[in-house]
Amino acid sequence: MVETFSLSIIDYAIMAIYFIFVLGIGWALKKYMKSSTQFLEGGRSMPSWITGLAFISANLGALEVFGMGASGAKYGLMTAHFYLIGAIPAMIFLALFMMPFYYGSKARSVPEYLKLRFDEKTRGFNAFSFAIMTVFASGISMFALARLMEVMLHWNFHYSIIASAVIVLVYTYLGGLKSAIYNEVLQFFLIVIGFLPLVIIGLQDVGGWDGLTHQLDIVAVNKGYEAGTWTSTWKYLGSASSNPMGVDWIAMFSGLGFVLAFGYWCTNFLVVQRAMAANSMAAARRTPLIGALPKMFLPILVIVPGMIAMALMSMPEKGLQLIGDNGQTDYNMIIPTMLVHYYPTGLLGLGITALMASFMSGMAGNVTAFNTVFTYDIYQSYIRPGKSDDHYLKVGQFATIFGVVMSIGAAYIAANFNNIMDLLQLIFAFVNAPLFATFMLGMFWKKTTGNAAFWGLITGTFAAALHFAVTIAEGKGGWLAQLVEYPSAMAQGFWTAIYAFTVCLILTIILSFSTKQLKSDEDLTGLVYSLTPKTKDEPGIPWYDKPVVLAVIVGAISIIITIIIW
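Going along each chain's sequence as written, the residues are numbered from 1 onward. Totals for whole chains, interfaces and linings use all residues, but because this is a predicted model, local features are given only for residues with pLDDT of at least 70 and pairs of side-chain atoms are given and counted only at 80 or more. No hydrogens and no water enter the side-chain calculation; it runs on all heavy atoms of the structure.

### A closer look at the sheet that holds strand S2 (residues 476–477)
As a reminder, the rule being used: Strand pairing is assigned whenever DSSP identifies at least 2 bridges connecting the two strands. Here a helix means four or more residues in a row that DSSP labels H or I, a strand means two or more in a row labelled E, and each is numbered from the N terminus. Here a residue-residue contact requires only that any non-hydrogen atoms of the pair lie within 4.5 Å. Between N-to-C directions, angles cover 0 to 180 degrees, with each direction set by a line fitted to C-alpha atoms, over the stretch in contact for helices.
Overall, mixed pairing links the three strands, which are arranged S2-S1-S3 in an open sheet. Of all strands in the sheet, those bounded by a partner on one side alone are S2 and strand S3 (484–485). Each of strand S1 (471–473), S2 and S3 is contacted by helix H20 (residues 450–470), which is oriented at about 65 degrees to S1, the strand it contacts most. In the packing of helix H21 (residues 489–514) onto the sheet, contacts are made with S1 and S2, and the angle to S1 comes to roughly 145 degrees.

So this is what it looks like as structure tokens:
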């Protein structure tokens, strides 16, 4: 069971101060929310260091903290692939190649870009699928926060869901995207301050990195793997059976490093929206690169505690036991258990506040992406076109309420997974994997037609559903048949993404040769790479602020880290 403890007045005071700040930011920005552009797009007026930190913090929600902590225990250092090949290359590609299309086209959202490049029906399909995805992702963060409050604070799970929903609703309703972005910057620093002591104290308790490695070697051997499996990244990817994640290097490189990574970072409006709020093209391109710098070091804060917990659970004398309600190991409770185990009064309040901040970040990020897509790409396009800006501002505010309410339902679905990271990867496989194939062809091959893109997207999504329906992993999937059993839900998600991407890519190419291109070269200027003037840095930008220079620095650091933890 998770250790018993009690919070002091100091702990509650820290949490109260955080909530006051969060709501205060929304209240302070309320007076600026006079138009739909300000509420839904942030007015495209924010500096790159703000959007860069928000870019990474919007992703630093339940996915990072609960999901990566759980995966650190379940899969070891191999989880760092989600940062090194699962994020950095895609973020560099987004900055150098894709942001000029997004920002330069003046599209207000990713689905709107699809309309400009292809046609209305392609935009519509992506808008609806993305809206569903954001609701699920927001619900996952909501579930994680409610679970945290239930276990650590002994609050009622259902009431906790409502409370977290109301807080996020209030500050996003008041201050729109700007409120979410400024809160995400605050939350980023809170998470660093709140979790860094946990890593230091935990490592000291297990005897430093050498002691952690030694203990995890024992864990690996006891589970039937070679020593070193939990503390390596590429070394044990020769076959799917040689590592706990159940994937080989092909699945890791293709499924995560290419399809899921590029599909998420390059086409997911949740993160792209932060870059599009920047005050210039150069700032928009710098945004992913600025976010990439801290992204590479986040495994220290979120994965290493999971690894420490796995080591401690194999050392009975340490007294750390992690049990879920059903008697099975609940990896989602890794980080909360570690906080309770190590943190004294005051520091515990800071740690819990950091956890809450991460979940608020995940919820708010998805809600602000949802309300923009719903307002512009669903309501304005299909329900009430041609209305006043004030009308769409009110719709955006209503969509904020609607998105939060729908997220509450999604939170209960997330409760069925013992590792929310597995659930998220499956969702991304359905939505982002085929979408990336469509974007890649659309941006770099002008012959790609609207009809081909639309049917490719639909078929790719169907391929993901079919693959999930005929395969099974950890009791998930297998609705129609159980033709393949994967050793982990993560492996199942990777291969689902690969099949979805491949089917969408091949079908779109075939259909592009057999359907008519309705867009002229003039229509595609600014939307297709070969027809768009190459983006040049603005005069007077210092060399260290140039996107290409930043990209080289980020790429070099990621390669060095990969070699070190090979």
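### Looking at the packing of helix H15 (residues 304–313) against helix H16 (residues 334–342)
As a reminder, the rule being used: Here roughly perpendicular refers to angles of 65 to 115 degrees, roughly parallel to angles under 35, roughly antiparallel to angles over 145, and oblique to all remaining angles. Handedness of a crossing follows from how the near helix is turned relative to the far one, being left-handed for an anticlockwise turn of less than a right angle and right-handed for a clockwise one. Each residue is assigned to one of three groups, with Ala, Val, Leu, Ile, Met, Phe, Trp, Tyr, Cys and Pro labelled nonpolar, Asp, Glu, Lys and Arg labelled charged, and all others, Gly among them, labelled polar.
Interaxial distance between H15 and H16 falls to 10 Å at its minimum, and their mutual angle equals 70 degrees. If you check the angle between H15 and H16, you find them roughly perpendicular. You can see that H15 and H16 cross each other, and the crossing is left-handed. Of the residues in H16, those touching H15 at Pro 305, Gly 306, Ile 308, Ala 309, Leu 312 and Met 313 are Ile 334, Ile 335, Met 338 and Tyr 342. A class-by-class count of the residues in the contact of H15 with H16 yields nine nonpolar, one polar and no charged.

### Regarding the packing of aromatic side chains
To keep things clear, this is the line we draw: Two aromatic rings from Phe, Tyr or Trp, using only the six-membered ring of Trp, form a pair when their centres are within 6.5 Å; if the ring planes differ by under 30 degrees the pair is stacked, by over 60 it is edge-to-face, and anything between is tilted. A 1.4 Å probe rolled over the protein chains alone gives each residue an accessible area, and that area as a share of the maximum for its type sets the label: buried under 20%, exposed over 50%, partly exposed in between.
What the rule picks out here adds up to 33 aromatic pairs. An angle of 35 degrees between the planes, with centres 6.1 Å apart, marks the rings of Phe 370 and Phe 402 as tilted. Taken together, the positions of Phe 370 in helix H17 (residues 347–383) and Phe 402 in helix H18 (residues 389–414) put the pair 32 residues apart, joining distant regions of the chain. Overall, Phe 402 belongs to the partly exposed group, its relative accessible area being 33%. Put simply, the rings of Phe 93, Phe 97, Phe 258, Phe 262, Phe 436, Phe 444, Phe 501 and Tyr 529 touch in pairs and so form one group of aromatic residues.

### Describing H15
Burial analysis of H15 places nine of its ten residues in the buried class, which makes it a mostly covered element. For H15, every residue scored as buried is listed here: Val 304, Pro 305, Gly 306, Met 307, Ile 308, Ala 309, Met 310, Ala 311 and Leu 312.

### Examining the nonpolar core
Buried together is how nonpolar side chains tend to be arranged in soluble globular proteins. Put simply, the rule is: Among buried residues, the Ala, Val, Leu, Ile, Met, Phe, Trp, Tyr and Cys ones that are joined through side-chain atoms within 4.5 Å form a nonpolar core.
With 183 residues, the main nonpolar core has Tyr 102, Met 252 and Leu 355 as its most contacted residues. Here Met 252 is in contact with Met 78, His 81, Ile 85, Trp 234, Leu 237, Met 245, Val 247, Gly 257 and Phe 494, once residues within four sequence places are set aside. Listed in part, the five residues of the second largest apolar core include Met 33, Phe 39, Tyr 376 and Leu 393.

### Some words on the packing of H17 against H18
The interhelical angle for the contact between H17 and H18, taken along N-to-C directions, is 130 degrees, at an axis separation of 8 Å. Classified by the angle their axes make, H17 and H18 are oblique. Where H17 crosses over H18, the two elements pack in a sense that is right-handed. Where H17 abuts H18, its residues Val 367, Phe 370, Asn 371, Phe 374, Thr 375, Tyr 379 and Gln 380 lie against His 391, Tyr 392, Val 395, Gly 396, Ala 399, Thr 400, Phe 402, Gly 403 and Val 404.

### A closer look at the environment of Trp 49
Here Trp 49 shows up in helix H3 (residues 48–57). Each C-alpha atom of the pair Trp 49 and Leu 298 lies 18 Å from the other, and the pair is 249 residues apart in sequence. Setting aside its immediate chain neighbours within four residues, Trp 49 contacts Val 185 and Ile 290.

### Concerning the pattern of salt bridges
Going by this rule: Any Lys or Arg side-chain nitrogen found within 4 Å of a carboxyl oxygen on Asp or Glu counts as a salt bridge.
In the structure shown here, the tally under the stated rule is seven salt bridges. In this structure, the salt-bridge partner of Glu 184 is Arg 274, at a minimum N-O distance of 2.7 Å. In this pair, Glu 184 is assigned in helix H9 (residues 157–205) and Arg 274 in helix H12 (residues 269–276), connecting sequence segments 90 residues apart. Salt bridges here are not isolated pairs; linked through shared partners, they connect Lys 115, Glu 120, Arg 123 and Asp 377.

### Examining helix H1 (residues 9–29)
The test is simple: For a helix, the expected span equals 1.5 Å multiplied by the number of residues minus one. The directions considered for the arc are those from the helix axis to the C-beta atoms.
In this model, H1 (21 residues) spans 30 Å end to end at C-alpha, consistent with the 30 Å of a helix rising 1.5 Å per residue. Within the sequence span of H1, burial applies to Asp 11, Met 15, Tyr 18, Phe 19, Val 22, Ile 25, Gly 26 and Leu 29. For H1, the arc enclosing every buried residue in end-on projection is 120 degrees, short of the 170-degree limit, so these residues lie on one face. More than 90 degrees from the buried face of H1, the exposed residues found are Ile 9, Ile 10, Ile 20 and Trp 27. Of the surrounding elements, those touching the buried residues of H1 are H9 and H17.

### What to know about a nonpolar patch on the surface
Filter applied, for reference: Only residues above 30% relative accessible area that lack a salt bridge enter a patch, with like-charged residues linked at up to 9 Å and the nonpolar side chains Val, Leu, Ile, Met, Phe, Trp and Tyr linked at up to 5 Å. What sets the accessible areas is the Shrake-Rupley method with a 1.4 Å probe; for residues, cover comes only from the shown protein chains.
A grouping of Leu 23, Ile 162, Val 166 and Val 170 is seen on the molecular surface, where their side chains present a nonpolar patch of about 280 Å² in accessible area. The element best represented in the nonpolar patch is H9, accounting for three residues. Along the chain, Leu 23 falls in helix H1.

### Quick notes on the confidence of the model for the chain
Which entries qualify depends on this criterion: pLDDT expresses, on a scale from 0 to 100, how confident the predictor is about each individual residue.
Of all residues in the chain, 93% attain a pLDDT of 70 or more, and the chain-wide mean is 82. Least confident of the elements in the chain is helix H2 (residues 36–41), whose mean pLDDT is 73; most confident is H20, at 92.

### Describing the environment of Gln 273
You can see Gln 273 is positioned in helix H12. Assessed through its relative accessible area of 3%, Gln 273 is described here as buried. Taking the C-alpha atoms as reference points, Gln 273 and Arg 108, 165 residues apart in sequence, are found 8.4 Å from one another. Setting aside its immediate chain neighbours within four residues, Gln 273 contacts Leu 40, Leu 177, Thr 368, Ala 369 and Thr 372.

### Points about the state of the cysteines
For clarity, the cut-off: We call a pair of cysteine sulfur atoms a disulfide whenever their separation is within 2.5 Å.
As enumerated under the stated definition, the model contains zero disulfides in all. Summary of cysteine pairing: Cys 266 is not part of a disulfide, and the nearest cysteine sulfur, belonging to Cys 504, is at 15 Å. Residue Cys 504 is classed as buried on the basis of its relative accessible area of 0%.

### Considerations on the side chain of Thr 353
Applicable threshold: Think of a polar contact as two N or O atoms within 3.5 Å of one another; within protein, one of them needs to be a possible hydrogen donor and the other a possible acceptor, and neighboring residues in sequence only count if both atoms come from side chains.
You can see Thr 353 is positioned in helix H17. Side-chain polar atoms of Thr 353 contact the backbone oxygen of Gly 349, separated by 2.7 Å. The contact partners of Thr 353, leaving out residues within four places of it in the chain, are Ile 14, Met 15, Tyr 18 and Leu 190.

### Observations concerning the environment of Phe 97
As for its placement among the helices and strands, Phe 97 is situated in helix H6 (residues 88–104). Counting along the chain gives 377 residues from Phe 97 to Glu 474, while the straight-line C-alpha distance between them is 38 Å. Phe 97 has contacts with Phe 444 and Tyr 529, leaving out every residue within four places of it along the chain.

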